[in-house]
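Here is how the chains run, residue by residue.
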Amino acid sequence: MTLRLRNLGSGSSGNATLIEAHSGTTCSRLLIDCGLRVSEVKKRLQACDLELSDIDAVFVTHEHSDHWGHAASLCRRLGIPLWSSEGTMHAVLGEGADLDELDWNQATDGVPIDLGDLQLLPFTVPHDAREPLQLCCTDGDRRLGVVTDLGHASAHVVRALQGLHGIMLETNHDLDRLRLSAYPPFLKQRISSNLGHLSNPQSAQLLRDVMHPGLRLVLAAHLSERNNAPELARAALAPVLGCNQAEVPVADPEQGSDWWSV
Ligand SMILES: [Zn+2]
Ligand SMILES: [Zn+2]
C-alpha cells in the first residue's frame, strides 16, 4: 500500500490537491478542491503523467472560489462524484438547486466516506464559509491530514488531526506583513479573525499540538503571496519539526509540490 499527495496549486489563485492510494493492483485518486480551470488541472496532471480521467472523485472543502472554482464542470465532464457538505453545495448552487446531471454526494463532519482504496474522514473547521470541512485520508495503514482555510485550531480540529503520518497545513500569513500590508482594514480583520486563516505562529502551534514521532511529512500550504513568504513559513515550522528551515517543504502557489509519500 502507498498513500501519497501532490499539490497542484495552493493559495488564493486556486487550490487543488491530488491524493492517491495504491494497493498494488488497484488505485484510487481524489482531487481535493478545484480552484483551477479544468484546462489548467489537465496541464498540471500531465506534468506528472496523469490524465483528467485518472481522477475518481472530487471533494470540495468550501464554497470560496479558490476551492469550489471549476469542480462542478470537472465532475460533469468526467461523470465522477463530487463530495461536499450540504451547506457548501447550497452556497454555490442555491437552495433547492437543480443538480442537473451532477453526481453530488453529501459529506458530513465525522462520517467516513469510502472511495475504493481511500477512506476519507471530514471534519468541521472554523472559517467564514457556510459549512466548511477539511479532511483526513487513509489507505487503512497511513493517515494524511489536509487542513487549510481555518481561523484557529479548535479543540475539534486538534482532535481530528491526532495520529497523522503526514499533513498539508495552512501557513497563511506573517502577522507583521499582514499588519503593514496595503489590504483594507476590513480584509486584514477578516484574515486574522477566528474565522479567517492561520498565521505562521498559529500553524506552528497546531503542529506542536499534533506532533508525534510518526508524523514525518509536513507540507506548508495556502501561503498568502502578499502577506507571507516561504522562508517565513519555514522559519515558523522548522523549530517544531526539529529540522533545518531548508528542509520544510512549501507548496508553490503556481507549481504546487512534488509527490510526497506518507
Ligand atoms: Zn482558500
Ligand atoms: Zn476560504
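Asker: Please set out helix α3 (residues 86–93) residue by residue, giving values where relevant.
Answerer: The complete set of buried residues in α3 reads G87, T88, M89 and H90. Lining the buried residues of α3 we find β5 (82–84) and β6 (104–106).

Asker: Account for the side chain of H62, with residues named and values stated.
Answerer: Here H62 lies in the loop between β4 (57–59) and α2 (71–78). A polar atom in the side chain of H62 sits 3.2 Å from the side chain of H64.

Asker: Would you mind going over the coordination of the zinc ion (ligand 1) in detail, with residue names and values included?
Answerer: At this site the zinc ion (ligand 1) is bound by D66 (OD), H67 (NE2), D149 (OD) and H222 (NE2), with donor distances of 2.1 to 2.3 Å. One can describe the site at the zinc ion (ligand 1) as irregular: its four donor atoms subtend angles covering 90 to 160° at the metal. Between consecutive donor residues of the zinc ion (ligand 1), the sequence gaps follow D-H-x81-D-x72-H. A separation of 3.6 Å is found between the zinc ion (ligand 1) and the zinc ion (ligand 2), which are bridged by D149. Remark: D149 occurs in the loop between β10 (143–147) and α4 (155–160) and H67 occurs in the loop between β4 and α2; sequence separation between them is 82 residues.

Asker: Any chance you could break down the side chain of H173 for me, citing the residues and the numbers?
Answerer: As for its position among the elements, H173 is in the loop between β11 (166–170) and α5 (175–180). A polar contact of 2.9 Å, which involves the side chain of H173, links it to the side chain of N172. In this view, H173 contacts L178, I191, S192, H197, L198, S199, N200, N227 and N228; residues no more than four positions away in its chain are not counted.

Asker: A description of the sheet that holds β4 should follow, citing residues and the corresponding values.
Answerer: The seven strands lie next to each other as β6-β5-β4-β3-β2-β1-β13, forming an open sheet whose pairing is mixed. The sheet terminates laterally at β6 and β13 (259–261), the two strands that pair on one side only. Here the strands of the sheet are splayed against their neighbours by 25° on average, with no regard to which way each runs. Bridge analysis of strand β1 (residues 2–9) against β13 gives three bridges, and the strand direction is antiparallel. Residue pairing across strands places R4 opposite S261, the latter belonging to β13.

Asker: Mind laying out the coordination of the zinc ion (ligand 2), listing which residues take part and the relevant values?
Answerer: Every protein donor of the zinc ion (ligand 2) is accounted for by H62 (NE2), H64 (ND1), H127 (NE2) and D149 (OD), and the metal-donor separations fall at 2.2 to 2.4 Å. Each of the four donor atoms bound to the zinc ion (ligand 2) contributes to angles spanning 91 to 168°, and the resulting shape is irregular. Mapped onto the sequence, the donors of the zinc ion (ligand 2) take the spacing H-x1-H-x62-H-x21-D. For H64, a relative accessible area of 21% gives the class partly exposed. Residue H127 is classed as buried on the basis of its relative accessible area of 4%.

Asker: With reference to specific residues and values, describe the pattern of salt bridges.
Answerer: Opposite charge on two side chains allows them to pair when their charged atoms are near. All told, the structure shown has nine salt bridges when counted by the stated rule. Of the charged contacts, one joins R130 and E95 as a salt bridge, the two residues approaching to 2.6 Å between their closest N and O atoms. Within this pair, whereas R130 is found in the loop between β8 (118–124) and β9 (133–138), its partner E95 is found in the loop between α3 and β6, the two being separated by 35 residues in sequence. A relative accessible area of 46% places R130 in the partly exposed class. On the basis of relative accessible area, E95 is assigned to the exposed category, the value being 55%.

Reading the values: the criteria
- Residues numbered from 1 in each chain as written.
- Chains lettered and ligands numbered in written order.
- Predicted model: local features only at pLDDT ≥ 70, side-chain atom pairs only at ≥ 80, totals over all residues.
- Heavy atoms only, no water.
- Buried < 20%, exposed > 50% of the residue type's maximum accessible area, 1.4 Å probe, protein only.
- Helix = DSSP H or I, 4+ residues; strand = E, 2+ residues; numbered from the N terminus.
- Contact = heavy atoms within 4.5 Å.
- Polar contact = N/O pair within 3.5 Å; in protein donor to acceptor, adjacent residues only side chain to side chain.
- Donors = N, O, S within 2.8 Å, 3.2 Å for Na, K, Ca; no water.
- Tetrahedral: all angles 85-135°; square planar, octahedral: opposite > 155°, others 65-115°.
- Pairing = 2+ DSSP bridges.
- Axes fitted to C-alpha atoms, helices over the stretch in contact; angles between N-to-C directions.
- Salt bridge = Lys/Arg side-chain N within 4 Å of Asp/Glu carboxyl O.

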